[in-house]
Amino acid sequence: MVLVTGASGFLGGRLAQILVARGEAVRVLARASSDLRHLDDLPVEVVRGDAERAVSGVTHIYHCAGCSTDWAPWRTYYEGNVAGVEELLRAAAGVKDLRRFLHVSTTDVYGYPLVPCDESHALTDIGLPYNRSKCMGETRVWEAARDAGLPVTVVRPATIYGPRGRAFVGDIAKLIRQGLMAVIGGGRTAGGFCYVDNAAEAMIQAATASETVGRAYNLSDGTGATWRRYVDALADGLGCRRPWIDLPVGAAFGLARVMEAPHRWLRVPGRPLLTRHAVLLLARDQEFPIERARREFGFRPAVGFEEGIARSLAWVKEAG
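Residues numbered from 1 in each chain as written. Predicted model: local features only at pLDDT ≥ 70, side-chain atom pairs only at ≥ 80, totals over all residues. Heavy atoms only, no water.

Trainee: Can you walk me through the nonpolar core in this structure?
Mentor: Soluble globular proteins: nonpolar side chains tend toward being buried together. Val4, Leu15, Val26, Tyr62, Met203, Tyr230 and Phe297 are the most contacted members of the largest nonpolar core, which has 69 residues in total. With 8 residues, helix H6 (residues 196–208) is the single largest residue contributor to this core. Discounting residues that sit within four places of it in the chain, Val4 has contacts with Gly12, Leu15, Leu19, Val26, Arg27, Val28, Leu29, Tyr62 and Cys64. The next biggest cluster of nonpolar side chains, apart from the first, holds 22 residues, and it includes Ile61, Leu88, Leu89 and Ala92. (Core = buried A, V, L, I, M, F, W, Y, C linked by side-chain atoms within 4.5 Å. Buried < 20%, exposed > 50% of the residue type's maximum accessible area, 1.4 Å probe, protein only. Helix = DSSP H or I, 4+ residues; strand = E, 2+ residues; numbered from the N terminus. Contact = heavy atoms within 4.5 Å.)

Trainee: When you look at the pattern of salt bridges in this model, what are you seeing that I'm missing?
Mentor: Any two side chains of opposite charge can pair, so long as their charged atoms come close to each other. According to the stated counting rule, one finds 21 salt bridges in the structure shown. Salt-bridge contacts for Glu260 lead to Arg276; the nearest nitrogen and oxygen are separated by 2.9 Å. Remark: Arg276 occurs in helix H9 (residues 276–283) and Glu260 occurs in helix H8 (residues 249–265); sequence separation between them is 16 residues. Arg276 carries the same exposure label as Glu260, and that label is buried. (Salt bridge = Lys/Arg side-chain N within 4 Å of Asp/Glu carboxyl O.)

Trainee: Sorry if this is basic, but what is going on with a nonpolar patch on the surface here?
Mentor: Judged by side-chain polarity, Trp265, Leu266 and Val268 come together as a nonpolar surface patch covering roughly 380 Å² of accessible area. Residue position: Trp265 is located in helix H8. For Trp265, a relative accessible area of 65% puts it in the exposed group. (Patch = residues over 30% accessible without salt bridge, like charges linked within 9 Å, V, L, I, M, F, W, Y side chains within 5 Å. Areas by Shrake-Rupley, 256 points an atom, 1.4 Å probe, with all protein chains shown as cover.)

Trainee: Would you mind going over the side chain of Thr5 with me for this structure?
Mentor: Locating Thr5 in the fold gives a position in strand S1 (residues 2–5). Separated by 2.7 Å, the side chains of Thr5 and His63 make a polar contact. In this structure the side chain of Thr5 is engaged in a polar contact, spanning 3.0 Å, whose partner is the backbone nitrogen of Cys64. Every residue in contact with Thr5, bar those within four places of it in the chain, is listed here: Gly12, Leu29, Tyr62, His63, Cys64, Ala65 and Leu88. (Polar contact = N/O pair within 3.5 Å; in protein donor to acceptor, adjacent residues only side chain to side chain.)

Trainee: How should I be thinking about the environment of Trp74 in this particular structure?
Mentor: With respect to the element layout, Trp74 can be found in helix H3 (residues 74–92). Between the alpha carbons of Trp74 and Thr223 there is a distance of 34 Å; along the sequence they are 149 residues apart. Not counting chain neighbours up to four residues away, the residues in contact with Trp74 comprise Pro129, Arg132, Ser133 and Met136.

Trainee: Before we go on, may I ask you to explain the pairing of strand S5 (residues 100–104) in this structure?
Mentor: Each regular strand shows side chains that alternate between the opposite faces of the sheet. With 5 of 5 residues buried, S5 lies mostly within the body of the structure. What you see with S5 is no split at all: Arg100, Leu102 and Val104 on one side and Phe101 and His103 on the other are buried throughout. As paired elements, strand S4 (residues 60–63) and S5 share 4 bridges and run parallel to each other. Note on S5: the bridge partner recorded for Tyr62 is Leu102. (Pairing = 2+ DSSP bridges.)

Trainee: Help me understand the side chain of His60, please; the structure alone is not making it clear to me.
Mentor: Note on placement: His60 falls in strand S4. Accessibility expressed as a relative area gives 9% for His60, which makes it buried. Here the side chain of His60 touches Thr59 through a polar contact of 2.9 Å, side chain to side chain. The residues contacting His60, other than those within four sequence positions of it, are Met1, Val2, Leu3, Leu98, Arg99, Arg100, Ala207 and Thr208.

Trainee: Whenever I open this one, the sheet that holds S4 confuses me. Can you help?
Mentor: Across a sheet, paired strands are connected by hydrogen bonds in the backbone, their directions being either parallel or antiparallel. Taken in spatial order, the 7 strands make up an open sheet running S3-S2-S1-S4-S5-S6-S10, and their pairing is parallel. Both edges of this open sheet fall to strand S3 (45–48) and strand S10 (216–219), since each of them pairs with a single strand only. The sheet shows a mean angle of 20° between the axes of neighbouring strands, taken without regard to direction. As paired elements, S1 and S4 share 4 bridges and run parallel to each other. Its bridge partner being in S4, Val2 is matched across the sheet by His60. Along the sheet face, helix H1 (residues 10–21) touches S1, strand S2 (26–30), S4 and S5 and points at about 160° away from the line of S1. Running at roughly 150° to S5, H6 makes contact with S4, S5, strand S6 (152–157) and S10 of the sheet. (Axes fitted to C-alpha atoms, helices over the stretch in contact; angles between N-to-C directions.)

Trainee: What is the right way to read unusual backbone geometry from this model?
Mentor: Peptide bonds are, in most cases, trans, and in most cases residues other than glycine have a negative phi. With phi around 60°, Tyr112 is a residue other than glycine that occupies positive phi space. Look at Tyr112 and you get buried, because its relative accessible area is 3%. In this structure, Arg267 is a non-glycine residue whose phi angle is positive, near 60°. Judged by its relative accessible area of 69%, Arg267 is exposed.

Trainee: Got a minute to help me understand the packing of aromatic side chains in this structure?
Mentor: The geometry of an aromatic ring pair is captured by two quantities: the separation of the ring centres and the angle between the planes. What the rule picks out here adds up to 15 aromatic pairs. Here the aromatic rings of Tyr161 and Tyr230 are separated by 5.6 Å at their centres, their planes lie at 80°, and the arrangement is edge-to-face. On the criterion of sequence distance, the pair formed by Tyr161 in strand S7 (residues 159–161) and Tyr230 in helix H7 (residues 227–238) is long-range, its members being 69 residues apart. Seen from their ring centres, Trp227 and Tyr230 are 5.8 Å apart, and the 90° between their planes marks the pair as edge-to-face. Taken as a pair, Trp227 and Tyr230 lie in helix H7 at a separation of 3 residues, close to a single helical turn. Each member of the pair, Trp227 together with Tyr230, is buried. (Phe/Tyr/Trp six-rings, centres within 6.5 Å; stacked < 30°, edge-to-face > 60°.)

Written out as structure tokens, the structure reads:
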């Protein structure tokens, strides 16, 4: 029996589907309010809100749950990316036959360096809430490995996209259709794109290889595709005008600060059209090296960029 958290979401939901297709007995831990309709036709066991019961008897835990948006109250980030990790780690410490606790982190924990780094780079808190909370959550995982002897593996995906992907498919498609999607610095930086199936397969490989205990791995498809190539491919597939708004990096940061201000200080509801987090993702090279994953568990992305875009577009059109 394997446990997947975050199965109501994008990556966790697809991981659960792939695990079932592989013949695994799958249990998912979800909130009482979580929408799991995409798993309705699958033989998964659902545990609502009880981590202790959810981990009972499992051999592998895939912790995908968390808050991955670029704008939310700090409490939301903390509960999703820190407190939730702590609760699951406490429960996992009592599982006798646990073989692996695989934690989904992010390349954002490196602090958006100017040059993409390998996994030896320190976790770097630059003060943005997503980056800070993911650094804190991953730190808790390494502490549990050290203090409780948990067999942990950490994956740090870059930009995951694909069907049901809200942030990098649904939201961008909406902005393209509205004529509001922008690129930064010409869109020349690499996005570090990782198709969701490739990410899920990598997680399974990392969680089942003996050499990966106590190790962290960057994940991307390694295509070097730029943001300009990505947004243009989506626009072409949607039959829309390619994004024409092109902001210089400095101007984009300034604009993001201005747009964030009323939401932060005046508690204006909703989210800013542009955030500093989004600017960093679009302006800094996200093609973090994946040589360690290739070498240590044979990571070879099976779905290429064009196929990934085609599948994503099919979902956007079907979902309307």
